[in-house]
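The residues making up each chain are set out below.
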Amino acid sequence: MIYDKNQQLVKMINQIAVNNAYDDDLERAADAVASHVRKFWAKSMKQDIRSFAEAGGEGLNDIAKAAVNRI
Amino acid sequence: MIEYYQPQAGQNLAFADIDLGTPAVNSDTTVTMSVDGVEVTVPAGTSVLRAAALAGIQIPKLCASDNLESFGSCRLCAVQIEGRRGMPASCTTPAEEGMKVTTQNDKLATLRRNIMELYISDHPLDCLTCPANGNCELQDMAGVVGLREVRYGFSGDNHLDAEKDHSNPYFSFDPSKCIVCSRCVRACEEVQGTFALTIQGRGFESKVAAGQNEDFLASDCVSCGACVQTCPTSTLMEKSIIDQGQPDHSVVTTCAYCGVGCSFKAEMKGNQLVRMTPYKGGAANHGHSCVKGRFAFGYATHQDRLTTPMIRDSIDQPWKPVSWEDAIQFAADRIKGIQAKYGRESVGGITSSRCTNEETYLVQKLVRAAFGNNNTDTCARVCHSPTGYGLKTTLGESAGTQTFDSVMESDVIMVIGANPTDAHPVFGSLLRKRLRQGAKLIVADPRHIDLLKTPHLGEAIHLPLRPGTNVALVNAMGHVIVTENLENQAFIQNRCDTALYSKWREFIAQERNSPEASESITGVPAAQVRKAARVYAQKGNSAIYYGLGVTEHSQGSTMVMGIANLAMATGNIGRDGVGVNPLRGQNNVQGSCDMGSFPHELPGYQHVGVDELRKNFEQAWGVDIDNEPGLRIPNMFDAAIEGTFKGLYVQGEDIAQSDPNTQHVQKALSSLECLIVQDLFLNETAKYAHVLLPGSSFLEKDGTFTNAERRISRVRRVMPPVAGKQDWEVTQDLSNALGYPMNYGHPSEIMDEISRLTPTFTGVNYQRLEQLGSIQWPCNDDHPVGTPIMHVEDFPIGKGRFVLTEYVPTEERSTRRFPLLLTTGRILSQYNVGAQTRRTDNQIWHDEDVLELHPHDAEERGIRHGDWVGITSRAGDTVMRAVVSSRMQPGVVYTTFHHPGSGANVITTDNSDWATNCPEYKVTAVQVERVTQPSNWQQRHQEFDQQQRHFLNSTTAETGG
């Protein structure tokens, strides 16, 4: 497996998103994901995912994209 | 024998060292009787033998023991009862109101002497050279009854030439000494539940036989030691005692193997441990044990133990033995250098779930206070972190709800993704006892686990689900409970957040969550799921016990919450016999989590981001603590490969073997500039280290462990540390060298600090532990003697919170390239990475990891039992021997990870639980094929291993260490 740090973070936050995607309510889901990331991710990981999103955020699902802005 | 540690109070402990003859009886009514004129009041149904013992009168006995039902075979315990004829056996005679019992007079004395005379007429008179000499009930009874002659002579028919059986590595069976009291047979049935022993033949031909008259090793015997423990002669005797003689003193301590946390007496001669015997006063085990705790302690004195601190600049260099001071200074300089160059966040630490609470607390304190960041984590990350997350979210506390004994009140026992008879054997025995009494069993597991083969088990429901589909299954059960109106509405209305409940109800009732809809996902017939749900919801007290088969999934946390939802919906929380019970893998997983090992939580699960909680610690420790969580173990690996994480302090954990995707871990460890490993042995991780600090085994230090039922028990030092320091002293030295002062004189001072800072621990201190024997947290002003059952009145978060548990399939699924699903687990004789058990005679049972597969999958690939097979996943490949087994379902293969060379974790992937990053060990898509040679990784690993051993051995040879 080829390792890519950003891809790892994308995979993680997308996974958090699909596990919090209840009711298809994007706003609420994004809040839940952002809250989870705030509570459990290290500072450096939060910074990295923010920079990655700002640079286009390819591969982030919709909820994850919305969540990154709220971290 | 001198016994250190005399408990001062507590029901469990008052008679911990006296055999009361027959088991305790629970009854609401009591009877009062007199024994030799002494009045005694006991629960109705108690035997006269026990009543007498409680009154302080020991009636002679041989076939009776208070962990076995009365048997009435030896007749030595005969008594006379006023108004009754004859001399009944007191063990089988229930105490009655007003009964007047005489335990000693001339008639009784003659009877007892005659009985002993008969016994001894067929018993060797080699007491002086017998290993039981000095600790033999038969000898004691001969003395007590005053046996002076054997009128029958010794020339008649006898068993003195019976053949010995030495097949078991830990104990011998010498039938010439056997008095056929059946205690061993009954212990195997009643205490252990294995039924491996029997009495073969009748009358004079009667003899104890293992299995179908096999030797012990070939029989079903699991070497728990219960038979050896109960044998009143030297018929069943530990080989260590045969070799070394009887111990001269003993110390009560806590086992360092699994999360059951059994109490043992470490029986010593000087500083030598000669035997571990389970302690009757231990509230987790009540005098029972398993092959690991009872016998597998030889690792502590194994020649592989590291005895000298060592350092080196890079991992391709030999080790240089140095003094403790030099090693600590070298480590501190390196860490400071790295932080100066790469920043404060570039280093971290991993606490051990095998070390004590006090040691774990110190390591996380060192990380937060001396390193100045929150990069601390523990191996619970890779096992029960989803339990912490899931139970805290739903029930408000990151811990199991029950005490082990609670299972004896259960009517339905549901076991999900756990294999208690292998991984938690002593609790497994208790569970089997309850199943024999008629409790219903539901097992959700891809494999047909041994619990389903419990002798005298009634009908059990097995839900053989596909790996990775737990959440679909638990949702289907929830669906049945809701749509068939099986909920406990009173509990929900009183105890739960009803708005959240309504949302959950609406979600779970949807058709896609029905057993019929999820049958194609889980592979479990809908009718079976419906039946299981009805049994769980309707048959009285229902308890769920679960293990890593729940947590180690991409939806591990979701599954934990799904389980909590079921328990809340049916009101199975807050009393004996019910609950949600994680079975913890390692001895102190619960403790390491409690002690603030996680990067986001301070001790007592207090989040670093909450100012008022963090402030308490900042004040007590005199430092600023980062208010952001630190890196978790897998994040540390990623950051190491990225180049931002350069230094790691690992205490008592072997991440290079136990963590998934081995090649990724190896790459990460190779990227570090300073890896400090503190361990008993040169483990896989230590081969990548720059500083080796010798660890101390549980026999060499003081402290506490916390087991799966939140029970804090004392670990007591019985011998000096092999390398001179207890683990907590080493951490303290490192902290001081880093410039953050620590000055603890004894682990009790560390516990005092913990209890000042942790609301659930305020009542815990060593003095109270001495008094009570053990304490289940929360222990504070509200619960001064601890809390066996949680959530009785309310939840710590007020109302229980239902959580929506949408099933999200794992990305890891079988494909044409990888058509099988691999799941991993444990076996009875080995423990975790095997560092301890591989250095004992337990190897005889499992000296290599094997791949179990279903006959159909084997046949399709031309694989026969014993063939070498290559196992390939997208992460890597390895080679093991095949075992064809119908325990497996087609399409699923299974292995263990106890041996480093088998590389089970080379195959497991970087998939993990969405909430906690707990690795998905239980689902890996693989292909399996016949091969003729080890994998490339194994060949590389072998070379590397040889080189690193050479670096160590050449060093120790030079120094004569």
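Check the entry above for the structure.
Our subject in this report is the structure included herewith.

## Thoughts on a nonpolar patch on the surface
All names here are of chain B.
- Together, Phe15, Ile18 and Leu54 make up an exposed nonpolar region whose accessible area comes to about 200 Å².
- Considering the arrangement of structural elements, one finds phenylalanine 15 in the loop between helix H1 (11-14) and strand S2 (30-35).
- Residue class for phenylalanine 15 comes out partly exposed when judged on its relative accessible area of 30%.

## Points about the packing of aromatic side chains
All names here are of chain B.
- Evaluation of the coordinates by the stated rule reveals 19 aromatic pairs over all chains.
- Centroid distance tyrosine 688 to phenylalanine 944: 4.8 Å. Interplanar angle 35°. Geometry classified as tilted. Taken together, the residues tyrosine 688 in the loop between strand S25 (674-679) and strand S26 (691-694) and phenylalanine 944 in helix H31 (residues 936-959) connect sequence positions 256 residues apart. The burial state of tyrosine 688 is the same as that of phenylalanine 944; both residues are buried.
- Cluster of aromatic residues (ring-pair linked, three or more members): Tyr170, Phe171, Phe173, Phe216, Phe295 and Trp845.
- One residue, arginine 495, lies across the ring of phenylalanine 795, its end atom 4.7 Å from the ring centre.

## Focus: the packing of helix H10 (residues 357-371) of chain B against helix H26 (residues 727-738) of chain B
Residue and element names in this part refer to chain B.
- The interhelical angle for the contact between H10 and H26, taken along N-to-C directions, is 10°, at an axis separation of 9 Å. The orientation of H10 with respect to H26, classified from their angle, is roughly parallel. Judged by residue contacts, Glu359, Leu362, Val363, Leu366, Ala370 and Phe371 of H10 engage Asp727, Trp728, Thr731, Gln732, Leu734, Ser735 and Leu738 from H26.

## Examining the sheet that holds strand S14 (residues 320-321) of chain B
All names here are of chain B.
- Pairing is mixed in the open sheet, where seven strands are placed in the order S14-S13-S26-S25-S24-S15-S16. The open sheet has two edge strands with one neighbour each: S14 and strand S16 (376-378).
- Looking at chain direction, strand S13 (residues 310-311) and S26 are connected through two bridges and run antiparallel. Within S26, the residue paired with isoleucine 311 across the bridge is valine 691.
- Contacts from helix H23 (residues 633-642) reach strand S15 (347-351), S16 and strand S24 (647-651) within the one sheet, and its direction differs from that of S16 by about 125°.

## What about the pairing of strand S28 (residues 711-715) of chain B?
Residues and elements named next belong to chain B.
- Most of S28 sits inside the fold, with five of its five residues counted as buried.
- Summarising the sheet, strand S27 (residues 703-706) and S28 pair through four bridges and their orientation is antiparallel. Each residue of the ladder has a partner; that of glycine 703, found in S28, is valine 715.
- Two strands pair when backbone bridges link them, and S28 and strand S29 (residues 774-776) are joined in this way by three bridges, in the antiparallel orientation.

## What to know about the sheet that holds strand S19 (residues 460-463) of chain B
Residue and element names in this part refer to chain B.
- Sheet architecture is open: five strands sit in the order S19-S18-S17-S20-S21, paired in parallel fashion. Both edges of this open sheet fall to S19 and strand S21 (579-582), since each of them pairs with a single strand only. Averaged over all pairs of adjacent strands, the angle between their axes in this sheet comes to 15°, without regard to strand direction.
- Taken together, the four bridges between strand S18 (residues 440-444) and S19 define a ladder with parallel strand orientation. Residue alanine 444 lies in a different strand from S19, and its bridge partner there is leucine 463.
- Sitting on the sheet, helix H13 (residues 425-436) is in contact with strand S17 (412-416), S18 and strand S20 (542-546), with an inclination near 140° to S17.

Conventions we followed
Residues numbered from 1 in each chain as written. Chains lettered and ligands numbered in written order. Predicted model: local features only at pLDDT ≥ 70, side-chain atom pairs only at ≥ 80, totals over all residues. Heavy atoms only, no water. Patch = residues over 30% accessible without salt bridge, like charges linked within 9 Å, V, L, I, M, F, W, Y side chains within 5 Å. Areas by Shrake-Rupley, 256 points an atom, 1.4 Å probe, with all protein chains shown as cover. Salt bridge = Lys/Arg side-chain N within 4 Å of Asp/Glu carboxyl O. Helix = DSSP H or I, 4+ residues; strand = E, 2+ residues; numbered from the N terminus. Buried < 20%, exposed > 50% of the residue type's maximum accessible area, 1.4 Å probe, protein only. Phe/Tyr/Trp six-rings, centres within 6.5 Å; stacked < 30°, edge-to-face > 60°. Lys NZ or Arg CZ within 6 Å of the ring centre and 35° of its normal. Axes fitted to C-alpha atoms, helices over the stretch in contact; angles between N-to-C directions. Parallel < 35°, antiparallel > 145°, perpendicular 65-115°, else oblique. Contact = heavy atoms within 4.5 Å. Pairing = 2+ DSSP bridges.

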